[in-house]
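Reading the structure
Take a look at the letters that make up each chain.
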Amino acid sequence: MKEKRSLTPHGHRKNGCLLAALVGAVVLSGCTGGALPPVFGAVFGLSGAEVAPFRVGRIPETVITSDDRVLGLAANNPGQCIYLSGQSNRRFRAACPEGFKV
């Protein structure tokens with residue numbers, strides 16, 4: 001008589017966690033073939049990570065164009081709306097257009 005062997009969902013989850021842990025250990029051990037991205041130094045405090053210098057300056061004021069679309073009101077900023085940029089598919093916050101109501 002043949003013995004039935006199957007991996008239960010728990011077995012798949014256990015194997016996935018083990019694989020993720022092994023991959024994480026290899027990445028964190030420095031076996032990536034180069035310098036680690038700056039986030040590893042900032043978040044994990046690893047000394048072998050690249051350094052991203054701090055830049056002093058201002059983010060330019062957002063200009064609303066005809067391609068941009070209003071998504072709705074900004075939750076924490078009265079009189080401000082959230083727009084979807086038609087050029088870069090990014091969201092930004094700016095003053096609501098005249099007469100905008102939800």
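Residues numbered from 1 in each chain as written. Predicted model: local features only at pLDDT ≥ 70, side-chain atom pairs only at ≥ 80, totals over all residues. Heavy atoms only, no water.

1. Digging into the overall build of the chain
- The helix and strand inventory of the chain stands at two helices and three strands.
- Starting at the N terminus, the α and β elements of the chain follow one another as α-α-β-β-β.
- With 102 residues in all, the chain has 13% of them scored as buried. (Helix = DSSP H or I, 4+ residues; strand = E, 2+ residues; numbered from the N terminus. Buried < 20%, exposed > 50% of the residue type's maximum accessible area, 1.4 Å probe, protein only.)

2. Focus on the packing of aromatic side chains
- In the structure shown here, the tally under the stated rule is one aromatic pair.
- Relative to Phe 92, the ring of Tyr 83 has its centre 5.3 Å away and its plane inclined at 5°; by these criteria the two rings are stacked. Of the two residues, Tyr 83 and Phe 92, both sit in the buried class. (Phe/Tyr/Trp six-rings, centres within 6.5 Å; stacked < 30°, edge-to-face > 60°.)

3. Considerations on the side chain of Asp 68
- Tracing the chain through its elements places Asp 68 in the loop between α2 (38–44) and β1 (69–73).
- Buried charge without a salt bridge: Asp 68, with Arg 69 as the nearest opposite-charge side chain at an N-O distance of 9.0 Å.
- Separated by 2.9 Å, the side chain of Asp 68 and the backbone nitrogen of Thr 65 make a polar contact.
- Polar side-chain contacts of Asp 68 include one of 3.2 Å to the backbone nitrogen of Gly 86.
- For Asp 68, the contacting residues outside a window of four places in its chain are Val 63, Tyr 83, Leu 84, Ser 85, Gly 86 and Phe 92. (Lys, Arg positive; Asp, Glu negative; His and termini not counted. Salt bridge = Lys/Arg side-chain N within 4 Å of Asp/Glu carboxyl O. Polar contact = N/O pair within 3.5 Å; in protein donor to acceptor, adjacent residues only side chain to side chain. Contact = heavy atoms within 4.5 Å.)

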